[in-house]
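# Close look at the chain arrangement
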Amino acid sequence: MIYNTLSNLNQRQQVSYRRLQMLEGDWLSYLTQHTSEKLEITRMINMGLPSTSINLYKTLIDKISSLYNQDPIVTNPDLSPDQSSYLSSFDLFRKHQKLNRYVVGLRDAAIKIDWHNEDHLAPAGPSLRLLTPDTFEVCCHMDTPTIPFEIKELRCRMIDKREVYCYDVYSVEDPSNPHFRVVGTDKKDYTQYLINNNTYPYLENGQPYYPFIDPDNNPYLPFAFYHASESTSFFSPYELEELVEATLDIALDWSFYRFCLLQSSWNQRYMVDCDLLGLKPDPDGRSQHLVVDPTSILQLSSRGENGSGQLGQMESPSDLKSIAESIMLHIGSIRDTLGIKVDATIQAQSGLSLAIKNDDLREIQKQYTNHFRQGDLELLKKTSLINNLYSPTQLPVDGYSISYPSIPLSTDELTSKFEYQMRLLEAKLTTKEDMLQVINPGMTREEAEAKILEIEGPAILEPVKTAEALNGAQVTSALDIVTKAALNQLPRESAVAMLQLFFNLPEEAAEKIIGNIGTQSQSIVVNTAPNPQGV
């Protein structure tokens, strides 16, 4: 029995497409529709077009989609140096920052993997195309609802010199008969047309074939799938829907604030039984208007016989401060609902500003890391399989591992963590390797051990004599510590302790290396001479 994950296709696609438009900043039509559902038509017309200057959804998704700010580190014990260099030339992660935003915001996405033959535009190599969930369908069996056996990608093709929207259908439901077909949205099959016109992508001696079969003779879909969370179904289109709706509400609130600011943020002035001299009603009896500025002097005449005209003003009906505080309260409630620690401020010119602490961003990264790792490992495996079909340079298919560099620690964070770890080390409650891993988020145990060995040389296995000279790598590391202390990026006490700990130096020797850095007698010379190269 087959379970089609898109039984409610249109609604799911609309939800995903709305989010995509909001991520891309093209969401005025959705905000206008939302406004029409909340306000009477007269009020909506008076207020004018709503403001899209505050997009909480986009701002938050952009902020927390930081997993690929640095390229992941790919390793495989079966990769030779030449193979590793060849794989790096593919630049597989060049689109992953956008992919990160799509997966976090839309909750699902995919990468189509194909092969591009060398031409005048690009060299031979893998061709990667990002797919958002509004552009493809999948079919799964009921007992494996997250593993597709068929995918239908919506694309525009030229058929009889006209553009026709079609589905590229890849199916491996029957392992003995995998196939690729092109079917129009009107369900008309265009596969034979493409074969006859030699535009079918997989032809051998004029005959169609399915190339995506692994060395064990198992067919596979040439796609890598990415998900933001575990789910009982393939797609999760409604996760974070409360954030989307809140964004529309807050944008409407902000539009009302802007309307009040521009139209009713001053005291309303009025006249009773008075005329402006030199200004008469028009022939229809309607009052004329006079444009003035703060330097204008108005001459008035009373309509009454004994000077009974009156001037006055009413206070503004809009409390802008209260409206702004209400918007901030609304944002705070959404923040608490999502469980994200955010300091939000609204700025009149730049819209919404969100500040999320680095520690919180690292925790968010950890939540998504395993899900993205599954997709990236699938991408590496299928890219290698497809490469091995077309390229003489073969790549291992299995054995890949991948790690993601964390957000670097700031100077303050580094100093605080180092001092705390030093106290643990002195109390013999941690090891040097553990300490390095804490100070360098994302560093593996093997990398920490290698770094200690690089810094200490053979000292980690056999203590060196303190009189021995430091090797080249140790000298470079020691100079780095001294430089950071001189630039006030590291407290003097911490620098001395690091020299003692990392290089087995006695305190007296470490103090001598640091010198008077960090003391009152330290003098800093700044070179103010102009750079002749202008660099």
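Use the structure listed above.
Residues numbered from 1 in each chain as written. Predicted model: local features only at pLDDT ≥ 70, side-chain atom pairs only at ≥ 80, totals over all residues. Heavy atoms only, no water.

### Brief notes about the sheet that holds strand β3 (residues 108–116)
- Here 3 strands make up an open sheet; going across it, the order is β4-β3-β11 and the pairing antiparallel. Each end of this open sheet is capped by a strand with a single partner; those strands are β4 (125–131) and β11 (223–227). Each neighbouring strand pair of the sheet contributes to a mean axis angle of 20°, computed without reference to strand direction.
- Looking at chain direction, β3 and β4 are connected through 7 bridges and run antiparallel. (Pairing = 2+ DSSP bridges. Helix = DSSP H or I, 4+ residues; strand = E, 2+ residues; numbered from the N terminus. Axes fitted to C-alpha atoms, helices over the stretch in contact; angles between N-to-C directions.)

### Concerning the nonpolar core
- Counting 91 residues, the largest nonpolar core has Phe-136, Tyr-170, Tyr-226 and Phe-372 as the members making the most contacts within it.
- Here this core gets 9 residues from one element, more than from any other, and that element is helix α8 (residues 241–263).
- Not counting the four nearest positions on each side in its chain, Tyr-226 is found in contact with Tyr-68, His-96, Leu-99, Val-103, Arg-107, Asp-108, Ala-109, Ile-111, Phe-372, Gly-375, Asp-376 and Leu-379.
- Core analysis: the next-biggest nonpolar cluster, separate from the first, contains 24 residues, Met-422, Val-482, Met-498 and Leu-499 among them. (Core = buried A, V, L, I, M, F, W, Y, C linked by side-chain atoms within 4.5 Å. Buried < 20%, exposed > 50% of the residue type's maximum accessible area, 1.4 Å probe, protein only. Contact = heavy atoms within 4.5 Å.)

### Brief notes about the side chain of Ser-255
- Tracing the sequence through the fold places Ser-255 in helix α8.
- Beyond its immediate chain neighbours, meaning those up to four positions away, Ser-255 contacts Met-47, Pro-50 and Ser-51.

### Observations concerning helix α15 (residues 492–503)
- Look at α15: 17 Å from first C-alpha to last across 12 residues, which is about the 16 Å you get at 1.5 Å a residue.
- Judged by how many residues are buried, α15 sits mostly within the fold: 10 of 12 residues are covered.
- Residues of α15 that are buried: Arg-492, Ser-494, Ala-495, Val-496, Ala-497, Met-498, Leu-499, Leu-501, Phe-502 and Phe-503.
- Note on α15: the residue one or two positions beyond its end, Asn-504, has a positive phi of about 55°. (Expected span 1.5 Å × (residues − 1).)

### Focus: the side chain of Ser-236
- Within the secondary structure, Ser-236 is located in the loop between β11 and α8.
- Among residues more than four places away in sequence, those in contact with Ser-236 are Leu-106, Arg-107, Asp-108 and Ser-231.

### A closer look at the pairing of strand β7 (residues 162–171)
- Burial within β7 is extensive, with 7 of its 10 residues counted as buried.
- Pairing of strand β6 (residues 144–159) with β7, which is carried by 10 bridges, proceeds in the antiparallel orientation. Looking at the pairing, Ile-151 lines up with Tyr-170 of β7.
- Joining the antiparallel neighbours β6 and β7 is a turn of 2 residues, in which Asp-160 adopts a positive phi near 55°.
- Here 6 bridges tie β7 to strand β8 (residues 179–184), and the two strands are oriented antiparallel to one another.

### Quick notes on unusual backbone geometry
- Positive phi values are uncommon outside glycine, yet Asp-160 reaches one of about 55°.
- In this structure, Asp-160 sits in the loop between β6 and β7.
- Unusually for a residue other than glycine, Lys-187 sits at a positive phi of about 70°.
- Take Lys-187: it is sitting in the loop between β8 and α7 (191–196).

### What to know about the environment of His-141
- Mapped onto the secondary structure, His-141 falls in strand β5 (residues 136–141).
- By relative accessible area, which is 27% here, His-141 ends up partly exposed.
- In sequence terms His-141 and Glu-173 are 32 residues apart; their C-alpha atoms lie 9.3 Å from each other.

### Overview of the packing of aromatic side chains
- The final tally for this structure, using the stated rule, is 21 aromatic pairs.
- Seen in terms of ring centroids, Tyr-68 and Tyr-404 are 5.8 Å apart; in terms of plane orientation they differ by 85°. Their pairing is edge-to-face. One end of the pair, Tyr-68, is in the loop between α4 (56–64) and β2 (73–75); the other, Tyr-404, is in the loop between β18 (401–403) and α11 (411–426), with 336 residues separating them in the sequence. Accessibility assignment for this pair places Tyr-68 and Tyr-404 in one class, buried.
- Taken together, Phe-136, Tyr-170, Phe-180, Tyr-200, Tyr-202, Tyr-210, Phe-212, Tyr-220, Phe-223, Phe-225, Phe-234 and Phe-235 form an aromatic cluster joined through their ring pairs.
- If you follow Arg-12 out to its NZ or CZ, it ends over the ring of Phe-235, 4.0 Å from the centre. (Phe/Tyr/Trp six-rings, centres within 6.5 Å; stacked < 30°, edge-to-face > 60°. Lys NZ or Arg CZ within 6 Å of the ring centre and 35° of its normal.)

### With respect to the packing of helix α6 (residues 96–106) against helix α10 (residues 358–390)
- The geometry of α6 relative to α10 is characterised by a closest axis approach of 12 Å and an angle of 125° between their N-to-C directions. Relative to α10, the element α6 lies oblique. Between α6 and α10 lies a crossing whose hand is right-handed. In this structure, α6 uses His-96, Asn-100, Val-103 and Val-104 to contact α10, whose residues at the interface are Tyr-368, Phe-372, Asp-376 and Leu-379.
- Partitioning the contact of α6 with α10 into residue classes produces 5 nonpolar, 2 polar and 1 charged. (Parallel < 35°, antiparallel > 145°, perpendicular 65-115°, else oblique. Left-handed = near helix turned anticlockwise from the far one by under 90°. Nonpolar A, V, L, I, M, F, W, Y, C, P; charged D, E, K, R; others polar.)

### Points about the packing of helix α2 (residues 28–38) against α8
- The contact between α2 and α8 brings their axes to 10 Å, and the two run at 75°. The orientation of α2 relative to α8 falls into the category roughly perpendicular. Between α2 and α8, the contacting residues are Tyr-30, Leu-31, His-34, Thr-35 and Lys-38 on the first element and Glu-245, Leu-248, Asp-249, Ala-251 and Leu-252 on the second.
- In terms of residue class, the contact of α2 with α8 is made up of 5 nonpolar, 2 polar and 3 charged.

### Observations concerning the pattern of salt bridges
- One pass over the full model with this rule turns up 19 salt bridges.
- Two residues, Glu-241 and Arg-18, come together in a salt bridge whose shortest N-O distance is 2.5 Å. One end of the pair, Glu-241, is in helix α8; the other, Arg-18, is in helix α1 (residues 9–24), with 223 residues separating them in the sequence. Taken individually, Glu-241 and Arg-18 each receive the classification buried, so the pair is uniform in this respect. (Salt bridge = Lys/Arg side-chain N within 4 Å of Asp/Glu carboxyl O.)

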